[in-house]
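A structural walkthrough
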Amino acid sequence: MVDFTGIERVRELVTRKGTAAFIEELAGEIATDYRRWPEFDKSPRHAVHSPVGVIELMPISDGRLYSFKYVNGHPKNTAAGLLTVTAFGVLADVDTGYPLLLSELTLTTALRTAAMSALAARWMARRDSRVMALIGNGAQSEFQSIAFHHLLGIRELRLYDVDLAATTKLERNLAALRLPGLDVVRCASAAEAARGADIVTTVTADKCNAVILTPDMIEPGMHLNAVGGDCPGKTELHADILRRPDARVVVEYEPQSRVEGEVQQMPADFPVIEFAEVLAGRAAGRVHDREVTIFDSVGFALEDFSALRYVHRLHREQSGSRATIDIVPQLGNPKDLFALLAERPATVRAASHLRVSA
Ligand SMILES: NC(=O)c1ccc[n+]([C@@H]2O[C@H](COP(=O)([O-])OP(=O)(O)OC[C@H]3O[C@@H](n4cnc5c(N)ncnc54)[C@H](O)[C@@H]3O)[C@@H](O)[C@H]2O)c1
């Protein structure tokens, strides 16, 4: 039997710990893995595009564990009552090739993306950052809000979305959370939200070269956390922002980001810094207070590897609905796979496909 963490189990693990604490611990796991960057067998994700979306596979291994995530991105889905992004994934043992965990990753992707954004901002944003503009108030936005409030000390959030109902939903959820000392300000445009902000997070969804931020909105010293542009032909920043002489651009994994990130708009020799270089101390996340730092986030497989391992550990350690799922046969004789199809008593045939032990 393979361990199974569905939506309900992940919800249980997160609420038991508290969302902010979960994101903080996950950010620690991600940082630990980025610090051992050379140990990973890495590749850009494999994407299958359609006119309305993308389905991607994201594999990675450190030689002991292997993971992959299946994830989609369909910005028009919400109009049909469906999520823009859903995901699930597997953590496996490299020595046997056997899966150890099958997990939901929709909720977990939002948590790990927020953890990664906050982790990058810790190395790139000015230490005195207190005001963040949050442009795009959909499914990811509460997670980003909690992470930046808890890990960066953001005390004013300036919200903007073209969909007024999305902002109303975010306001309502943030009010219910009662994050200490946080002021939430609703803005009438992206420019109004960005004005005077220390950090600008863009987390919008549109399958086009959108221009959420234009050069006139950028102030010296800002940190841009550009999350929503993560596919060929799907960007959020005007290219002239990247061209600023005072801009410093950090990416997760250069071969993937060149194709999917904001830097797809730039020539192949445009300078970027991999985040692992910053963590290793070989490159700076920020050199001075007037630099414009840009975390060109697309989401890399290592972050899901860290998340799957972390969720698996919590699932193993904690009580509750500890489910397993029968996606690998258990055989007395491993050469006798056909035994599964041989005539068996009805009671055996009716055995549950999903086992839950409290
Ligand atoms: N970088 C990463 O690691 C990562 C991880 C997860 C999701 N994403 C991306 O983040 C984006 C947001 O994901 P989500 O799950 O929150 O999607 P969502 O559809 O729930 O929310 C997106 C929001 O963006 C708003 N929006 C669209 N165009 C806008 C514009 N021009 N100005 C202001 N708001 C605008 C929409 O109205 C919507 O409310 C997606 O593009 C997704 O692919 C990136």
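Below is a summary of the structure that appears in this document. Quick caveat, the model's predicted, so the values are computed rather than measured. (Residues numbered from 1 in each chain as written. Predicted model: local features only at pLDDT ≥ 70, side-chain atom pairs only at ≥ 80, totals over all residues. Heavy atoms only, no water.)

Now for the overall build of the protein chain. For the protein chain, the count of helices and strands is 11 helices and 18 strands. Its C-alpha atoms give the protein chain a radius of gyration of 21 Å, near enough to 21 Å, the size a compact globule of 358 residues would have. In terms of principal-axis extent, the alpha carbons of the protein chain reach across some 75 × 45 × 40 Å. Expressed as a percentage of its 358 residues, the buried residues of the protein chain come to 53%. (Helix = DSSP H or I, 4+ residues; strand = E, 2+ residues; numbered from the N terminus. Rg over C-alpha atoms; globule rule 2.2 N^0.38 Å. Buried < 20%, exposed > 50% of the residue type's maximum accessible area, 1.4 Å probe, protein only.)

Per the counting criterion, the structure on display carries 30 salt bridges. Across the salt bridge formed by arginine 309 and aspartate 33, the nearest N and O atoms sit 2.8 Å from each other. Of the two residues, arginine 309 is situated in helix α10 (residues 301-317) and aspartate 33 in helix α2 (residues 19-35); the sequence distance between them amounts to 276 residues. The exposure class assigned to aspartate 33 is buried, which follows from its relative accessible area of 0%. Among the ionic pairs, aspartate 62 bridges to arginine 64, the shortest N-O distance being 3.6 Å. For aspartate 62, a relative accessible area of 8% gives the class buried. Put simply, Glu29, Asp33, Arg36, Glu39, Asp62, Arg64, Arg309, Arg313 and Glu317 are held in one network by salt bridges that share partners. (Salt bridge = Lys/Arg side-chain N within 4 Å of Asp/Glu carboxyl O.)

The next subject is the environment of aspartate 326. Relative to the assigned elements, aspartate 326 resides in the loop between β17 (322-325) and α11 (346-349). What makes aspartate 326 partly exposed here is its relative accessible area of 40%. Distance from aspartate 326 to valine 2, taken between C-alpha atoms, is 6.3 Å for residues 324 residues apart in sequence.

This brings us to the site of the ligand. Contacts to the ligand come from 26 residues, most closely from Thr84, Asp161, Asp230, Lys234 and Ser297. Separating an oxygen atom of the ligand from a backbone N or O atom of alanine 139 is a distance of 2.9 Å. Protein burial of the ligand: of its 860 Å² of free accessible surface, 88% is covered by the chains. Residue classes in the shell around the ligand are distributed as 11 nonpolar, 10 polar and 5 charged. (Near = heavy atom within 4 Å. Polar contact = N/O pair within 3.5 Å; in protein donor to acceptor, adjacent residues only side chain to side chain. Areas by Shrake-Rupley, 256 points an atom, 1.4 Å probe, with all protein chains shown as cover. Nonpolar A, V, L, I, M, F, W, Y, C, P; charged D, E, K, R; others polar.)

What follows concerns the packing of aromatic side chains. This model, assessed by the stated rule, comprises 8 aromatic pairs. Ring pairs connect the aromatic residues Tyr34, Trp37, Tyr253, Phe275 and Phe300, which therefore count as one cluster. Geometry around tryptophan 37 places lysine 42 over its ring, the cationic atom sitting 4.5 Å from the centre. (Phe/Tyr/Trp six-rings, centres within 6.5 Å; stacked < 30°, edge-to-face > 60°. Lys NZ or Arg CZ within 6 Å of the ring centre and 35° of its normal.)

So, about the nonpolar core. One finds Tyr34 and Phe275 to be the most contacted residues of the largest nonpolar core, which totals 66 residues. In terms of residues, this core owes the most to one element, helix α3 (residues 106-124), which gives 10 residues. Look past the residues within four positions of phenylalanine 275 in its chain and what remains in contact with it is Tyr34, Met116, Leu119, Ala120, Trp123, Val250, Val251 and Glu252. (Core = buried A, V, L, I, M, F, W, Y, C linked by side-chain atoms within 4.5 Å. Contact = heavy atoms within 4.5 Å.)

Once that is clear, we can look at the side chain of lysine 69. Of note, lysine 69 is situated in strand β4 (residues 65-73). Under the relative-accessibility criterion, lysine 69 is labelled buried at 1%. At a separation of 2.9 Å, a polar atom in the side chain of lysine 69 contacts the side chain of aspartate 304. The residues touching lysine 69, leaving out its near neighbours within four places in the chain, are Glu56, Leu57, Met58, Ala87, Phe88, Gly89, Leu105, Thr109, Arg112 and Asp304.

Across the sheet, which stays open at both edges, the 8 strands sit in the order β9-β8-β7-β10-β12-β16-β14-β15 with parallel pairing between neighbours. If you trace the sheet from one side to the other, it starts and ends with β9 (183-186) and β15 (273-274), each paired once. Summarising the sheet, strand β7 (residues 131-135) and strand β8 (residues 156-160) pair through 5 bridges and their orientation is parallel. Following the sheet pairing, leucine 134 is matched in β8 by leucine 159. Relative to the sheet, helix α4 (residues 141-152) contacts β7, β8, β10 (199-202) and β12 (223-226), its axis offset from that of β7 by approximately 170°. Lying on the sheet, helix α5 (residues 164-177) is in contact with β7, β8 and β9; it crosses β9 at an angle near 170°. (Pairing = 2+ DSSP bridges. Axes fitted to C-alpha atoms, helices over the stretch in contact; angles between N-to-C directions.)

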